[in-house]
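Chain residues, written in single-letter form:
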Amino acid sequence: MKVKTVLLGCTISLLAAGTALAARDYISVVGSSTVYPFATVVAEQFGKTTNFATPKIESTGSGGGFKLFCSGLGVNYPDITNASRAIKSSEFNQCQANGVGDIVEVKIGYDGIVLANSKERAPLKLSRKEIFMALAMQVPDPQDPTKMIANPYKTWRDVNPQLPATQIEVLGPPPTSGTRDAFVELAMESGAKQFDSIKALKKADKKAYKKICHTIREDGAYIEAGENDNLIVQKLQANPAAVGIFGFSFLEQNADLVQGSFIEGMEPTFEAIADGSYPVSRPLFFYVKKAHVDVIPGMKGFLAEFTSEKAWGDEGYLADKGMIPMPEAERAEYAQAVKELKTLKK
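Every value quoted in this text rests on a predicted model; they were computed, and no experiment measured them. (Residues numbered from 1 in each chain as written. Predicted model: local features only at pLDDT ≥ 70, side-chain atom pairs only at ≥ 80, totals over all residues. Heavy atoms only, no water.)

1. Comments concerning the overall build of the protein
From N to C terminus, the protein includes 17 helices and 13 strands. What you see for the protein is a C-alpha radius of gyration of 22 Å, in line with the 20 Å of a compact globule of 346 residues. If you line up the protein on its principal axes, its C-alpha atoms span 75 × 45 × 35 Å. Relative to its 346 residues, the protein shows a buried fraction of 51%. As presented, the protein carries roughly 16100 Å² of accessible surface, and 53% of it is formed by carbon and sulfur atoms. Here the protein contributes 39 positive and 40 negative side-chain charges, whose respective centroids are spaced 7 Å apart. (Helix = DSSP H or I, 4+ residues; strand = E, 2+ residues; numbered from the N terminus. Rg over C-alpha atoms; globule rule 2.2 N^0.38 Å. Buried < 20%, exposed > 50% of the residue type's maximum accessible area, 1.4 Å probe, protein only. Areas by Shrake-Rupley, 256 points an atom, 1.4 Å probe, with all protein chains shown as cover. Lys, Arg positive; Asp, Glu negative; His and termini not counted. Charge placed at Lys NZ, Arg CZ, Asp CG, Glu CD.)

And the structure:
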């Protein structure tokens with residue numbers, strides 16, 4: 001009798017969830033500010049070419065998106081979250097704890113992270129080691145590299161005599177941003193490992209190593225500029241001496257106003273990111289609640305549009321917006337996973 005009661009309760013709960021989901025007639029998407037413009041273009045195209053409502057896209061940052069996405073099932077929670085990094089194990093576990101059990105992971109393409117400045121100044125030419133030295137909270141003591149000290153560098157020339165004597169002032173994303181996560185891993189950690197003492201610390205004390213590599217200084221040299229990358233571009237216009245951190249697509253969209261810094265001698269271009277020669281690049285994703293696909297109107301069609309060759313292909317409209325397409329075989333793999341609604345395992 002007890003088993004029957006439990007089963008009946010589960011059935012009623014699922015029916016109730018389905019009724020709640022059905023009460024919303026549009027797709028709700030949250031997440032990464034980097035993926036936001038790409039998702040918006042797909043949503044607009046989907047709204048124009050189908051009888052379904054145009055999906056609602058919100059830019060909350062990757063971390064903020066996962067928090068909302070993993071909070072539960074039903075009309076009060078988003079159907080999809082965009083991300084400029086892969087879901088963390090802690091986020092996946094939070095989803096599971098809140099009943100968001102079946103999640104479909106979709107890689108959509110690649111993007112580069114750029115350090116850009118106003119075209120009124122010369123472009124910077126930086127190494128990842130110099131980026132770490134400019135922005136880390138603690139750096140090796142120049143007199144004794146085995147000791148860590150509070151970052152003493154005030155100007156770019158302090159970091160390297162070949163760089164400009166302008167004050168280090170970098171506008172970048174907050175901790176909730178996937179761009180911030182990728183930047184500290186791909187640029188700062190890669191630069192930190194150029195110091196033998198820090199590289200050795202990775203084996204000796206992984207927690208201390210990560211803290212050194214991933215902690216950005218808080219003395220005013222780095223300014224958190226929110227999740228709005230367009231706002232960073234505007235601030236670079238107002239302050240030509242400053243540098244901004246954002247995704248390549250925003251650089252391409254504002255190429256008349258700002259320019260990307262050379263990293264390890266490589267300029268951030270579509271071709272350099274596509275062939276892997278630009279060192280600070282990362283994959284882009286979105287994540288889907290499988291439980292919502294057959295309930296929220298238009299979900300299957302929106303997923304099909306996003307993973308179509310006309311959208312994410314080599315000549316697709318997302319490439320025109322600055323997204324770097326995946327190789328053909330990888331696109332085919334993820335398109336098939338979407339058709340089958342293949343769920344993520346952790």
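2. Remarks on the domain arrangement of the protein
Segmentation of the protein into domains returns domain 1 (28-110 + 283-340) and domain 2 (112-281). Placing the centre of domain 1 and that of domain 2 at their C-alpha centroids yields a distance of 28 Å. Counting from both sides, the interface comprises 20 residues of domain 1 and, opposite them, 15 residues of domain 2. For the pair domain 1 and domain 2, the two sides together bury roughly 1300 Å², of which 55% comes from carbon and sulfur. (Domains from an automatic or database assignment. Contact = heavy atoms within 4.5 Å. Buried area = accessible area lost by both parts, 1.4 Å probe.)

3. What to know about the packing of aromatic side chains
Applying the stated criterion across every chain, the model contains 7 aromatic pairs. Taken together, a centroid distance of 5.9 Å and an interplanar angle of 80° make the contact between Phe302 and Phe306 edge-to-face. Here Phe306 and Phe302 lie together in helix 14 (residues 299-306), a separation of 4 residues that amounts to about one turn. In this structure Phe302 comes out as buried when scored by relative accessible area, which is 2%. Its guanidinium or amino end placed over the ring of Phe262, Lys125 lies 5.4 Å from that ring's centre, counting from NZ or CZ. (Phe/Tyr/Trp six-rings, centres within 6.5 Å; stacked < 30°, edge-to-face > 60°. Lys NZ or Arg CZ within 6 Å of the ring centre and 35° of its normal.)

4. Thoughts on the confidence of the model for the protein
When the pLDDT values of the protein are averaged, the result is 91; 94% of them are 70 or greater. Under a pLDDT of 50 for its full length, residues 1-21 has, in the predicted model, 8 contacts with residues more than four places off or in other chains. (pLDDT = per-residue confidence, 0-100.)

5. Points about a positive patch on the surface
Side chains of Lys193, Lys199, Lys202, Lys203, Lys206 and Lys210 sit close together on the surface and give a patch of like positive charge. Listed by contribution, the elements that provide at least two residues to the positive patch are helix 8 (196-204) and helix 9 (206-214). Among the elements that take part in the positive patch, helix 8 stands out by supplying 3 residues, more than any other. Along the polypeptide, Lys193 turns up in the loop between helix 7 (178-192) and helix 8. (Patch = residues over 30% accessible without salt bridge, like charges linked within 9 Å, V, L, I, M, F, W, Y side chains within 5 Å. Salt bridge = Lys/Arg side-chain N within 4 Å of Asp/Glu carboxyl O.)

6. Describing the environment of Ala291
With respect to the secondary-structure elements, Ala291 resides in helix 13 (residues 290-293). Residue classification places Ala291 among the partly exposed positions, given a relative accessible area of 42%.

7. Quick look at the pattern of salt bridges
A complete count under the given rule lists 13 salt bridges for this structure. Of the charged contacts, one joins Lys107 and Glu330 as a salt bridge, the two residues approaching to 2.8 Å between their closest N and O atoms. You can see Lys107 sitting in strand 4 (residues 103-118) and its partner Glu330 sitting in helix 17 (residues 328-340), a full 223 residues away along the chain. The exposure classification of Lys107 matches that of Glu330, with both residues buried.

8. Section: the nonpolar core
Here is a general trend for soluble globular proteins: nonpolar side chains tend to be buried in one another's company. If you look at the biggest cluster of nonpolar residues, it comprises 52 residues, and the most contacted ones within it are Phe132, Leu135, Phe183 and Phe246. Per-element accounting of this core gives the leading share, 6 residues, to helix 7. Discounting chain neighbours no more than four positions away, the residues touching Phe246 are Gly112, Ile113, Val114, Ala116, Thr179, Asp229, Ile232, Val233, Leu236, Leu251 and Val258. Counting residues in hydrophobic clusters, the runner-up holds 33 residues, among them Phe38, Val41, Ile80 and Ala311. (Core = buried A, V, L, I, M, F, W, Y, C linked by side-chain atoms within 4.5 Å.)

9. A short note on helix 7
Taking 1.5 Å per residue, 15 residues should reach 21 Å; helix 7 reaches 20 Å between its end C-alpha atoms and fits that length. A bend of about 30° at Val184 is the largest found in helix 7. Counting buried positions along helix 7 gives 13 out of 15 residues, so the element sits mostly inside the fold. The N-cap of helix 7, judged by a side-chain oxygen 3.0 Å from the amide nitrogen of Thr179 a few residues on, is Ser177. (Expected span 1.5 Å × (residues − 1). Bend = angle between axes of the 7 residues up to and from the residue. Polar contact = N/O pair within 3.5 Å; in protein donor to acceptor, adjacent residues only side chain to side chain.)

10. Regarding the pairing of strand 10 (residues 243-247)
Counted residue by residue, strand 10 has 5 buried out of 5 residues, so it is predominantly covered. Both strand 8 (residues 170-172) and strand 10 contribute to a ladder of 2 bridges, which runs parallel. For Val170, the partnering residue across the bridge sits in strand 10 and is Val243. (Pairing = 2+ DSSP bridges.)

11. Things to note about the side chain of Ser28
Checked against the element boundaries, Ser28 lands in strand 1 (residues 28-31). By relative accessible area, which is 10% here, Ser28 ends up buried. With sequence-adjacent residues up to four places away left out, Ser28 is seen in contact with Lys56, Pro78, Asp79 and Ile80.

12. Things to note about the packing of helix 2 (residues 36-49) against helix 14
Where helix 2 meets helix 14, the axes come as close as 10 Å, and the angle between the chain directions of the two elements is 120°. Classified by the angle their axes make, helix 2 and helix 14 are oblique. Helix-helix and strand crossings are classified by hand; for helix 2 and helix 14 the assignment is right-handed. Contact residues: helix 2 offers Phe38, Ala39, Val42, Ala43, Gln45 and Phe46, while helix 14 offers Gly301, Phe302, Glu305 and Phe306. When its residues are assigned to classes, the contact of helix 2 with helix 14 shows 7 nonpolar, 2 polar and 1 charged. (Axes fitted to C-alpha atoms, helices over the stretch in contact; angles between N-to-C directions. Parallel < 35°, antiparallel > 145°, perpendicular 65-115°, else oblique. Left-handed = near helix turned anticlockwise from the far one by under 90°. Nonpolar A, V, L, I, M, F, W, Y, C, P; charged D, E, K, R; others polar.)

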